[in-house]
Amino acid sequence: MIRESEYKSRRDTLGNKLSNNSVGVLFAAEAKTRSNDTEYPYRQNSNFYYLTGFKEDNSALVLVKSKKGLKTLLFVQSKDKKAELWNGKRLGEKKAKERFLVDEVHSIATLQTKLRELLENKKTLYYDFALEYPKVKMLKKESQKLFAQKNIASLIGSMRLIKSKAEIELIKKAIEITKEAHHGAMQFTKCDKYEYALQAHIEYIFKSNGAYNDAYTSIVACGNSANTLHYIKNDKILQKNELVLIDAGCEYDYYASDITRTIPVSGKFTAPQKELYSMVLDVQKKVIKKIKPHAKRSKLQSYAEKLLTKGMVDLGILRGNPKKLIQKKKHKKYFPHGIGHWMGLDVHDEAPYKYPNGKEIPLQEGMVLTIEPAIYCDKKDKTIPEKYRGIGIRIEDNILVTSSGYENLSKKIRKEVVDIEK
Ligand code: GLY
Ligand code: MN
Ligand code: MN
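These numbers come from a predicted model, not from an experiment.

Definitions and cut-offs
Residues numbered from 1 in each chain as written. Chains lettered and ligands numbered in written order. Predicted model: local features only at pLDDT ≥ 70, side-chain atom pairs only at ≥ 80, totals over all residues. Heavy atoms only, no water. Phe/Tyr/Trp six-rings, centres within 6.5 Å; stacked < 30°, edge-to-face > 60°. Lys NZ or Arg CZ within 6 Å of the ring centre and 35° of its normal. Helix = DSSP H or I, 4+ residues; strand = E, 2+ residues; numbered from the N terminus. Buried < 20%, exposed > 50% of the residue type's maximum accessible area, 1.4 Å probe, protein only. Lys, Arg positive; Asp, Glu negative; His and termini not counted. Salt bridge = Lys/Arg side-chain N within 4 Å of Asp/Glu carboxyl O. Polar contact = N/O pair within 3.5 Å; in protein donor to acceptor, adjacent residues only side chain to side chain. Contact = heavy atoms within 4.5 Å. Near = heavy atom within 4 Å. Nonpolar A, V, L, I, M, F, W, Y, C, P; charged D, E, K, R; others polar. Donors = N, O, S within 2.8 Å, 3.2 Å for Na, K, Ca; no water. Tetrahedral: all angles 85-135°; square planar, octahedral: opposite > 155°, others 65-115°. Arc of directions from axis to C-beta. Pairing = 2+ DSSP bridges. Axes fitted to C-alpha atoms, helices over the stretch in contact; angles between N-to-C directions.

Novice: Sorry, what's going on with the packing of aromatic side chains here?
Specialist: Here a ring pair, both rings aromatic, is described through the centre-centre distance and the interplanar angle of the planes. Overall, the coordinates contain seven aromatic pairs when judged by the stated rule. Among the aromatic side chains, those forming a connected cluster through ring pairs are Y7, Y49 and Y254. One cation-aromatic arrangement involves K173 over Y252; the distance from NZ or CZ to the ring centre is 5.7 Å. Its end group placed over the ring of F188, K193 keeps NZ or CZ at 3.4 Å from the ring centre.

Given below as structure tokens:
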């Protein structure tokens, strides 16, 4: 659980980054209509949540920075019996003031008027440039005459890079539940089942263990479908002699996990599947071992590419000198994506990879990233040995950077051939 004092301290840290005479505005995510009178499940905007821990829609946080210091104002939906009958209870201004360590709480209905007042004589407005909510449009209109507009998301992103103890606990809890789901999937997998039935089984385990949401739509990809990187249709039938790639992770109290395992439908790897799998697993382990403070993600990427290319040459997928093949980017066809990404409130956590001067941000204690090498052999690729065609393998773990190296937070999720087959 994240305490109110931690949210307050995040707002204070952000306040210190704002220039004098400025206003920063963060909005709750908009509720989205799916079709007539039905809505998508609501999920709070991560930056707004990071600074408030508040899960209601139609809310906003305003930070006012002046010589006197920082003033924080939270705007929430007022109590409204009729609206609450349809859409659920609201906290309301009074309870919000009791709960949140902010200076003022107001009704969201007063936001525009209040902003007009607060923006008077200010120099800079900070807001999230990526959002296109109607409220953002209103804000832009109200602030046209301001001197400067800056993106508040990049300031928050650099704070989100390093996870607090409480955040790490939530990520660990998410991974613990995801472990149960992947192990459940290993037992449940059987030919003639639909991929989406396997997906449902995984998500049932998430929810049964206290994870309200998945962190992203699960990928359950049998055989050649695994070669589509973000395959989320999950509508094919599991075939006996194929592998199924499962990229699924729950979100626990807003914190993500992101795990991929690739397992044989029959329970036993065929010889070619095992050759490819063992190669990717070996690369994954070697890359993880390189993680420590000051190491660079770009170096992990090139190391993974080097190892994978060598592996592909050994298996006859690529032919030639590994160094030259890499120079010509020949390996990209089989490993086209990054070795990993930051993970936190979002599965692809909204945090920077570079400093504003363009230099890469090295790994530091408290960062969490995924390591996910892979190999994708399309069934139509006639240049590779026939026995490998139609196989896609990715193995993904979630790693915490520690003061002396790393902790593989998902090490208990089976990935050795013998353990999976068991
Ligand atoms: N689950 C998406 C990814 O691995 O990046
Ligand atoms: Mn990932
Ligand atoms: Mn993933």
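Novice: Is there a simple way to think about the side chain of E56 in this case?
Specialist: Mapped onto the elements, E56 comes out in the loop between α2 (46–52) and β4 (60–66). Buried charge E56 goes without a salt bridge, the closest partner of opposite sign being R90 at 5.6 Å. At a separation of 2.6 Å, a polar atom in the side chain of E56 contacts the main-chain amide nitrogen of L91. Aside from chain neighbours lying at most four places away, what touches E56 is A28, Y42, Q44, Q77, K89, R90 and L91.

Novice: What is the right way to look at the site of ligand 1 in this model?
Specialist: In the vicinity of ligand 1, the residues found are Y216, D247, D258, H341, H348, E372 and E396. Side-chain polar atom of E372 to an oxygen atom of ligand 1: 3.0 Å apart, as the coordinates give it. Between ligand 1 and E396, the relevant distance is 3.1 Å, taken from an oxygen atom to a side-chain nitrogen or oxygen of the residue. For the shell around ligand 1, the residue count by class is one nonpolar, two polar and four charged.

Novice: Which parts of the structure should I look at to understand the environment of G320?
Specialist: Note on placement: G320 falls in the loop between α11 (297–314) and α12 (322–327). The class for G320 is partly exposed, based on a relative accessible area of 45%. As for G320 and T309, which are separated by eleven residues in sequence, their C-alpha atoms are 10.0 Å apart. Residue contacts for G320: discarding those within four places in its chain leaves V313 and L325.

Novice: What's the story with unusual backbone geometry in this structure? I'm lost.
Specialist: Phi is positive for Y254, close to 80°, though the residue is something other than glycine. With respect to the helices, strands and loops of the structure, Y254 is situated in the loop between β12 (250–252) and β13 (255–256). For Y254, a relative accessible area of 9% translates into the label buried. The residue H294 is not glycine, and still its phi comes out positive at about 80°. Position of H294 among the secondary structure elements: in the loop between α10 (271–289) and α11. Judged by its relative accessible area of 68%, H294 falls in the exposed class.

Novice: Quick question: what am I supposed to make of the coordination of the manganese ion (ligand 3) here?
Specialist: Tetrahedral coordination by four donors sets the ideal angle at the metal to 109.5 degrees; octahedral coordination by six donors sets it to 90 or 180 degrees. Those protein atoms acting as donors to the manganese ion (ligand 3) are D247 (OD), D247 (OD), D258 (OD) and E396 (OE), and they sit at 2.0 to 2.3 Å. For the manganese ion (ligand 3), the six donor atoms in the first shell make angles of 57 to 170° at the metal, a pattern classed as irregular. When the donor residues of the manganese ion (ligand 3) are listed from N- to C-terminus, their spacing reads D-x10-D-x137-E.

Novice: Please clarify how helix α6 (residues 134–142) should be interpreted in this entry.
Specialist: An α-helical segment advances 3.6 residues per turn. Residues three or four places apart therefore align on the same side. Among the residues making up α6, those that are buried are K135, V136, M138, L139 and E142. Considered in projection along α6, the buried side chains sweep an arc of 155° and stay on one side of the axis. Among the exposed residues of α6, those oriented more than 90 degrees off its buried face are P134, K137 and K141. Those residues of α6 hidden inside the fold are in contact with β1 (22–27), α5 (111–119) and β7 (124–127).

Novice: What's the story with the sheet that holds β7 in this structure? I'm lost.
Specialist: Each strand in a sheet pairs with its neighbour through backbone hydrogen bonds, running either in the same direction (parallel) or in the opposite one (antiparallel). Overall, mixed pairing links the six strands, which are arranged β6-β5-β4-β1-β7-β8 in an open sheet. Both edges of this open sheet fall to β6 (104–107) and β8 (148–151), since each of them pairs with a single strand only. The average angle at which neighbouring strand axes cross in this sheet is 20°, direction not considered. Examined bridge by bridge, β7 and β8 share four bridges and lie parallel to one another. Counted as the bridge partner of L125 is Q149 from β8.

Novice: Help me out: how do you make sense of the pattern of salt bridges in this one?
Specialist: Close approach of charged atoms allows side chains of opposite charge to pair. Following the criterion strictly, the structure yields 29 salt bridges and no others. When the shortest N-O distance is used, the salt bridge between R99 and E4 registers 3.3 Å. Placement of R99 in helix α4 (residues 92–99) and of E4 in helix α1 (residues 4–17) is noted, with a sequence separation of 95 residues between them. For E4, a relative accessible area of 21% puts it in the partly exposed group. As a salt-bridge pair, E84 and K79 come within 3.0 Å of each other at their nearest N and O atoms. On the basis of relative accessible area, E84 is assigned to the buried category, the value being 9%.

Novice: Could you clarify how one ought to interpret the sheet that holds strand β18 (residues 397–401) in this entry?
Specialist: With respect to topology, three strands assemble into an open sheet ordered β15-β18-β19, the strand pairing being antiparallel. The sheet is open, and its two edges are formed by β15 (368–371) and β19 (406–408), each paired on a single side. Adjacent strand axes in the sheet meet at a mean angle of 30°, parallel and antiparallel pairs treated alike. Sheet topology note: the β18/β19 ladder contains three bridges and is antiparallel. Its bridge partner lying in β19, I399 is registered against N408.

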